[in-house]
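If you want the building blocks of each chain, they are given just below.
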Amino acid sequence: MRQLSFKGFLKQEDIINPELEVKYLLEPEDDIFVRNILPKTIKNAFTIQKLEWQDFIGKVDQDSCWIAHCYWNVYYSYTTIEIAEKPQVQEIQTPLQQKKLLPPVPKPIKKTTRAPSRNSSPSHSSSRNQSPGVNDRVVTQARQSRDQSPKYQKIPRSISSSSLQRSKSQRITYKFKVSSHAKLLDRSWARPNKDDYLLEHETGHYLIGCLLALEFKRQAELLVLEQNQNQEFEIKKLFKDIFKTFLQIEKNYDDETQHYCDEEMQCMWNRKIKEQILLYEQYFAQN
């Protein structure tokens, strides 16, 4: 079976929870037409018009061998959306958290008994008339109490166990809200011997321009740029790349349909173009 070079940019899998799959919206017997789904309003995008021969108001090129010629262009504008990420707050582990304080180990108590004076007999008490060793025990207990008391250390606020560190730099990125549309130019023309099937073919040219506008909008709104990136340059570069791609698609359209003389290929292109339009309709309804 013959195949199209154009595969499209959107697939059914790219649509989240579609109400109905596109393949059920297209009847095979309608493949000879591409205008039968028009006009079509793409939510959050633009309305694709249904072309008539009366829209081809340009002056006929007498030097051309073609019966009609469709000229289109794509226009766009955009606004920049600044996205500032919330600064990250990171808890810093302080020396107190890194090294747990252990309770002080009490020093061993040395029990000493004062020896009786050489000049006093063992049967007499000390000069304060207290039993031997009483004063020693009191002094020893006081020393033990001092040794067991916790040692407090002044902790700077910067290393407090509850200290937090806030990220110094806040990441800022940029996204875009894009408005784009395709327009049939007034210099599009047609000869008197035109027919309805040729109108379907010429409408296909215009719809390729519409698909370009929709695909550019989709890709541009997916862009995320950093602060150091040139926004205007990136948008222009993206448009230029997509425009170049679709000019080749349009050339393939004429070559493969033999300028609408190959009816089978024309029907295949009609179906693929309509499929893509319906997928973009579902995509932008959700975005």
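Below, the structure is looked at part by part.

### Focus: the side chain of Arg191
Among the structural elements, Arg191 can be located in the loop between strand S8 (189-190) and helix H3 (196-220). There is no salt bridge for the buried Arg191, and the closest opposite charge comes from Asp61, which lies 6.3 Å off by N-O distance. Within the structure, the side chain of Arg191 is placed 3.0 Å from the backbone oxygen of Asp61, a separation counted as a polar contact. Sequence-distant contacts of Arg191, that is, excluding residues within four places in its chain, are made with Val60, Asp61, Gln62, Ser64, Trp66 and Ile67.

### Some points on the sheet that holds strand S4 (residues 72-84)
Pairing within the open sheet is antiparallel, and its 3 strands lie in the order S4-S7-S9. Each having just a single partner strand, S4 and strand S9 (225-226) make up the two edges of the open sheet. Note: strand S7 (residues 172-184) against S9, 2 bridges, orientation antiparallel. Bridge pairing in S9 places Thr173 opposite Glu226. Where H3 meets the sheet, it contacts S4 and S7, and its direction lies at approximately 170° from that of S7. Its contacts with the sheet put helix H4 (residues 231-257) on S4, S7 and S9, and the angle it makes with S4 is roughly 145°.

### As for the nonpolar core
Among the nonpolar cores identified, the biggest contains 54 residues, and Ile48, Tyr206, Leu207, Phe216, Ile273 and Ile277 are the most heavily contacted of them. Of all elements in the fold, only S4, S7, H3, H4 and helix H5 (263-286) reach the threshold of two or more residues within this core.

### Quick notes on the pattern of salt bridges
As enumerated under the stated definition, the model contains 14 salt bridges in all. Lys217 is the salt-bridge partner of Glu221, the closest N and O atoms lying 2.8 Å from each other. The buried category is assigned to Glu221, whose relative accessible area is 16%. With relative accessibility at 1%, the residue Lys217 sits in the buried group. One salt bridge connects Asp255 with Lys251, and the closest N-O pair in it is separated by 3.0 Å.

Definitions and cut-offs
Residue positions are counted from 1 within each chain, in the order its sequence is given. Restriction of local features to residues with pLDDT of at least 70 applies here, the model being predicted, together with a cutoff of 80 or more for giving and counting side-chain atom pairs; totals for whole chains, interfaces and linings are based on all residues. Based on all heavy atoms of the structure, the side-chain values leave hydrogens and waters out of the count. For the purposes of this entry, the term helix denotes a DSSP run of H or I that reaches at least four residues, the term strand denotes a run of E that reaches at least two, and both are numbered from the N terminus. Summary of the burial criterion: residues with accessible area below 20% of their type's maximum are buried, those above 50% are exposed, and those between are partly exposed, where the area comes from a 1.4 Å probe applied to protein chains only. Working convention for charge: Lys and Arg count positive, Asp and Glu count negative, and His plus the chain ends are omitted. The term salt bridge refers to a pairing of a side-chain nitrogen on Lys or Arg with a carboxyl oxygen on Asp or Glu at a separation within 4 Å. By the criterion applied in these results, polar contacts are pairs of N or O atoms within 3.5 Å in which, for protein atoms, one can donate a hydrogen and the other can accept it, and in which residues neighboring in sequence qualify only through two side-chain atoms. By definition, residues are in contact when any of their heavy atoms lie within 4.5 Å. For two strands to count as paired, DSSP must find a minimum of two bridges between them. Helix axes are fitted only over the stretch in contact, all axes being lines through C-alpha atoms; the angle between N-to-C directions runs from 0 to 180 degrees. Grouping buried Ala, Val, Leu, Ile, Met, Phe, Trp, Tyr and Cys residues that are joined through side-chain atoms within 4.5 Å yields what is termed a nonpolar core.

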